[in-house]
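# Notes for the structure review
Okay, here's what each chain looks like letter by letter:
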Amino acid sequence: MKEEQGINRRDFVGKAATAVAGFMIVPRFVLGGKRPDGTKYLAPSDVISLGFIGTGKQGKGLINSFLGTNEARIIAISEVYKAKAQQGLDRIKAHYEKNPQSGKYGDVPVYTDFRELLARKDIDAVVIATPDHWHAAMAVRAAQAGKDIYCEKPLALTVKEGRAMVDAARKYNRVFQTGSMQRSWPEFRQTAELIRNGYIGEVKTIKVNVGPPPTPYDLPAEPIPDGLDWGKWLGPNEPVAFNSELAPPLSKDVFPNWRNYREFGGGMVTDWGAHMFDIVQWSLDMDNSGPVEVIAPDGKDHPFLTYKYDNGIVMTHEKWDWNNAIHFVGTEGEIKVQRKKIETTPISLATKEIGETEKHVYRSDNHYKDFLEAMRKRSKPICDVEIGHRTASVCNIGNIAYRLNRPLQWNPKKEQFKNDAEANALLGRPMKNEWGIKL
């Protein structure tokens, strides 16, 4: 019996050789190159090459976040404001000087036309940190150029532009992470898992406090500063007068106020709403859908902008005690959550450990590493483009209701309003021919 179970040296050598051969004879994409579907293979040890489009207030933070992973390098940037381009270069150089183990700083070219950056074959992915009116035009072209994409939230200025971004990512097999990084934070993951597992019972109402909708652009003209290509900043939009609120100088270290104007952003409804409405969508397991009705404030039955989901849940956009926060009310408890803070009723739920056999959401502890890992695996990251689009749509249809000042019926499958041509006309917008989106 013992002899039958044993293995002699000749058999061992033969089987070992077979094992080695089996290990070595693998598809080419395992060793580098391209997968059968044409996508580039990245080994776990590969340092991913990034191109940055936009290096202003948000972009400079993202530079730190991506370089801080020690899994990526920035090899090119595109920026239309010379001072902000230099700011980006200085930040990249400072990282390598402070962290020599990460590598050495090399010359990083600056392009004022992002299409030149996209044409580079050595760039694996782009990070888009521009004003919202540029997102779709850039992301669609990045997908067509074979780049994976990390795009800041809110994903799109209009519903139709968001859908075009999803379609482009799918058509060209791109990994696409939306910059809704709260999904990689523990207090929001805890919220989603508590709700999905029924710890506050059946959710009845939700209050979301995120600030006002946008207004039409009406700022007075100011001199265009040296080093800013104002035409390229406007891009897809018709010309308007420059004002420094849209593109402040470096001496004014603030988030620019372009986001408050309808032509460029969606006000706080999309700016902070893209974070907080996103957590609502996640918690309700609505990442592929959305509300079915949105009602403008009427001073009567609906004092606040009100969303209704098909399951009866009512969500309002209203002020309450916490800023930029969500208040979930269920039949058996409540959850209040904002960044770095969660309070629950019962109190014990805030630190409740969700069991292995219970429902869990996608877990990420680092939004940037999650994107890079998804690139290597060719998988969907925690905030895939469809998720980002659906959240942006919740925000955008809310802004349309505010603008028209009346109730609207929404079909989340068709992504259209029911029997309302005026509302449906606002699902897209005119774009200059050079920047129109074609798939």
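Residues numbered from 1 in each chain as written. Predicted model: local features only at pLDDT ≥ 70, side-chain atom pairs only at ≥ 80, totals over all residues. Heavy atoms only, no water.

Judged by pairing direction, the sheet is mixed, and its nine strands sit side by side in the order S13-S12-S11-S7-S10-S9-S8-S14-S15 without closing on themselves. With partners counted over all chains shown, the strands left at the sheet margins are strand S13 (341-345) and strand S15 (416-417), one partner each. In this sheet, strand S10 (residues 314-317) lies alongside strand S9 (residues 305-308) in antiparallel orientation, the contact comprising four bridges. Within S10, the position partnered with Thr 306 by the bridge is Thr 316. Here helix H9 (residues 186-196) sits on the sheet and contacts strand S7 (203-209), strand S11 (325-330), strand S12 (334-338) and S13; the angle it forms with S12, its principal contact strand, is near 160°. This element, helix H12 (residues 273-283), spans S7, S9, S10 and S11 of the sheet and lies at about 30° to S11. (Pairing = 2+ DSSP bridges. Helix = DSSP H or I, 4+ residues; strand = E, 2+ residues; numbered from the N terminus. Contact = heavy atoms within 4.5 Å. Axes fitted to C-alpha atoms, helices over the stretch in contact; angles between N-to-C directions.)

Quick look at the pattern of salt bridges now. For the structure on display, the rule yields 28 salt bridges. Residue Lys 57 is joined to Asp 253 by a salt bridge in which the shortest nitrogen-to-oxygen separation is 3.0 Å. A residue pair is termed long-range when its members are at least 10 positions apart, and Lys 57 in helix H4 (residues 57-67) and Asp 253 in the loop between helix H10 (230-234) and helix H11 (267-271) qualify at 196 residues. Where Arg 163 meets Glu 415, a salt bridge forms, and the shortest distance between an N and an O atom there is 2.9 Å. Within this pair, whereas Arg 163 is found in helix H8 (residues 159-171), its partner Glu 415 is found in the loop between strand S14 (408-411) and S15, the two being separated by 252 residues in sequence. (Salt bridge = Lys/Arg side-chain N within 4 Å of Asp/Glu carboxyl O.)

Our focus in this paragraph is the packing of aromatic side chains. In total, this model carries 18 aromatic pairs according to the counting rule given. Between the aromatic rings of Trp 320 and Trp 322, the centroid separation amounts to 5.6 Å while the plane-to-plane angle is 25°, which identifies the pairing as stacked. Given the relative accessible area of 9%, Trp 322 is considered buried. Here the aromatic cluster, defined as three or more aromatic residues joined through ring pairs, consists of Tyr 217, Trp 230, Trp 233, Phe 242, Tyr 261 and Phe 264. Here the guanidinium or amino end of Lys 57 rests over the ring plane of Phe 255, the centre of that ring lying 5.2 Å away. Over the face of the ring belonging to Trp 322 we find Lys 341, whose NZ or CZ atom lies 4.2 Å from the ring centre. (Phe/Tyr/Trp six-rings, centres within 6.5 Å; stacked < 30°, edge-to-face > 60°. Buried < 20%, exposed > 50% of the residue type's maximum accessible area, 1.4 Å probe, protein only. Lys NZ or Arg CZ within 6 Å of the ring centre and 35° of its normal.)

Moving on to the domain arrangement of the protein. Along its sequence, the protein is carved into domain 1 (33-181) and domain 2 (186-214 + 265-362 + 388-435). In this structure, the connection of domain 1 to domain 2 is made through four salt bridges. Inspection of the domain 1/domain 2 interface yields 11 residue pairs in polar contact (both at pLDDT 80 or more). Broken down by secondary-structure element, the contributors of at least two residues to the side of domain 1 that touches domain 2 are helix H6 (114-118), helix H7 (135-144) and H8. Examining the composition of the side of domain 1 that touches domain 2, we find that six residues originate from one element, H8, more than from any other. Looking at the side of domain 1 that touches domain 2 residue by residue, the class counts come to 10 nonpolar, six polar and seven charged. (Domains from an automatic or database assignment. Polar contact = N/O pair within 3.5 Å; in protein donor to acceptor, adjacent residues only side chain to side chain. Nonpolar A, V, L, I, M, F, W, Y, C, P; charged D, E, K, R; others polar.)

Turning our attention to the packing of H4 against helix H5 (residues 82-98). For the pair H4 and H5, interaxial distance at closest approach is 10 Å and the crossing angle is 25°. As the angle between them shows, H4 and H5 are arranged roughly parallel. The handedness of the crossing between H4 and H5 comes out as right-handed. Contacts between H4 and H5 involve Lys 60, Ile 63, Asn 64 and Leu 67 on the former and, on the latter, Gln 87, Gly 88, Arg 91, Ile 92, His 95 and Tyr 96. (Parallel < 35°, antiparallel > 145°, perpendicular 65-115°, else oblique. Left-handed = near helix turned anticlockwise from the far one by under 90°.)

On to helix H14 (residues 385-404), then. With 20 residues, H14 should reach 28 Å at 1.5 Å per residue; the first-to-last C-alpha distance of 28 Å fits that figure. Counting buried positions along H14 gives 18 out of 20 residues, so the element sits mostly inside the fold. In the stretch just after H14, Asn 405 is the one whose phi turns positive, near 60°. (Expected span 1.5 Å × (residues − 1).)

Before going further, it helps to spend a moment on the environment of Phe 188. Looking at the element boundaries, Phe 188 is found in helix H9. Residue classification places Phe 188 among the buried positions, given a relative accessible area of 0%. Between the C-alpha atom of Phe 188 and that of Val 337, which follows or precedes it by 149 residues, the distance is 7.3 Å.

The alternating pattern of strand S5 (residues 148-151) places Asp 148 and Tyr 150 on one face and Ile 149 and Cys 151 on the opposite face, and all of these are buried. Where strand S4 (residues 125-128) and S5 come together, four bridges link them in parallel fashion. Paired with Ile 128 across the strands is Cys 151, a residue of S5. The parallel pair S4 and S5, bridged by H7, forms a crossover whose chirality is right-handed. By the bridge criterion, three bridges tie S5 to strand S6 (residues 176-178) in an arrangement that is parallel. Looking at S6, one finds that Tyr 150 is bridged to Gln 177. Note that the unit made of S5, H8 and S6 has a crossover that is right-handed. (Right-handed = clockwise from strand over helix to strand, strands pointing away.)

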